[in-house]
Amino acid sequence: MPRRRANEGRVGIGWDAHPLAPGIPCRIGGVAIPCDEGPRGHSDGDPLLHALADALYGAIADGDLGTHFPDADAANAGRDSAEFVSAALGSVAARGLGVANVDAVVTAEKPRLGPHRDAIRGRIAGILGVPLDSVSVKAKSWQGLPAGAGSVLAQVVVLLAPRAGKNVRAAAVRTRGRVRDLTRLRQRRR
Ligand SMILES: [Zn+2]
């Protein structure tokens, strides 16, 4: 089978939708948003973080959120979705890749996300360990389309790039090892 080129980028797409229900905490993109309704789901129901995790797993062709964290597993009930994204990011990093940028669209009639957009970008950037300007979040409304009423839809595209830092860090570890060996050698000579 042909091997992946060392400098190859990877792209992933994620999509998720949850129905809004009254009395549920509203978490979108890992941010608590004041609203009398929230997206209902098995974990904390955060559609944006679910779409992001799916995009990360998709970019490395490693299944999806459901294959790694099944709904049927009671351990995932009420779970913080940031943990799913961190796990997916770990799989990405294990392949020598890192997130170059994320572009997301959230479509909802309610809550209005515009005022929370930068907080959501900051939270996602924090979870992924990337600069703020690597994360874009766009808020859309359903424009009165009945099909979307009462739901929050999230779409995410992510681009992965080889992590230059991985080789740099490996070289640093090798250098530190060499320095330690030299120090020991000198001490023995004394
Ligand atoms: Zn979901």
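Residues numbered from 1 in each chain as written. Predicted model: local features only at pLDDT ≥ 70, side-chain atom pairs only at ≥ 80, totals over all residues.

## Describing the packing of helix α1 (residues 47-59) against helix α3 (residues 82-94)
Here is step 1: Between α1 and α3, the shortest axis-to-axis distance is 9 Å and the interhelical angle comes to 15 degrees. Here α1 is positioned roughly parallel relative to α3, judged by the angle of their axes. For the element pair α1 and α3, the recorded crossing hand is left-handed. Contact with α1, carried on its side by L49, H50, L52, A53, L56 and Y57, involves A82, F84, V85, A88, L89 and V92 of α3 and no other residues of that element.
Here is step 2: Of the residues in the contact of α1 with α3, the class split is 11 nonpolar, 1 polar and no charged. (Axes fitted to C-alpha atoms, helices over the stretch in contact; angles between N-to-C directions. Helix = DSSP H or I, 4+ residues; strand = E, 2+ residues; numbered from the N terminus. Parallel < 35°, antiparallel > 145°, perpendicular 65-115°, else oblique. Left-handed = near helix turned anticlockwise from the far one by under 90°. Contact = placed C-beta atoms within 7 Å. Nonpolar A, V, L, I, M, F, W, Y, C, P; charged D, E, K, R; others polar.)

## Some remarks on unusual backbone geometry
Here is step 1: With an omega of -5 degrees, the peptide bond between K110 and P111 qualifies as cis.
Here is step 2: The phi angle at A61 is positive, at roughly 50 degrees, despite the residue not being glycine.
Here is step 3: Structurally, A61 is set in the loop between α1 and α2 (65-68).
Here is step 4: On the neighbour-count criterion, A61 (8 C-beta atoms within 10 Å) is exposed. (Buried ≥ 20, exposed ≤ 12 C-beta atoms within 10 Å, placed from the backbone.)

## Notes on α3
Here is step 1: Helix length check: α3 (13 residues) gives 18 Å between terminal C-alpha atoms against 18 Å at 1.5 Å per residue, within 8%.
Here is step 2: Buried positions along α3 lie against α1, α2, β5 (97-108), α4 (117-128) and β7 (151-162).
Here is step 3: Backbone geometry just after α3 places G96 at a positive phi near 75 degrees. (Expected span 1.5 Å × (residues − 1).)

## With respect to α1
Here is step 1: Here α1 spans 18 Å end to end across 13 residues, near enough to the 18 Å set by a 1.5 Å rise per residue.
Here is step 2: Extensive coverage of α1 is indicated by the burial of 13 of its 13 residues.
Here is step 3: Once α1 finishes, A61 follows within two positions and takes phi at roughly 50 degrees, a positive value.

## Description of the environment of D54
Here is step 1: Inspection of the secondary structure puts D54 in helix α1.
Here is step 2: For D54, a count of 26 C-beta atoms within 10 Å gives the class buried.
Here is step 3: Taking the C-alpha atoms as reference points, D54 and G12, separated by 42 residues in sequence, lie 7.9 Å from one another.

## Some words on the confidence of the model for the chain
Here is step 1: Predicted confidence across the chain gives a mean pLDDT of 88, with 85% of residues reaching 70 or more.
Here is step 2: Scored below 50 in pLDDT, residues 170-175 shows 0 contacts in the model against residues more than four places distant or in partner chains. (pLDDT = per-residue confidence, 0-100.)

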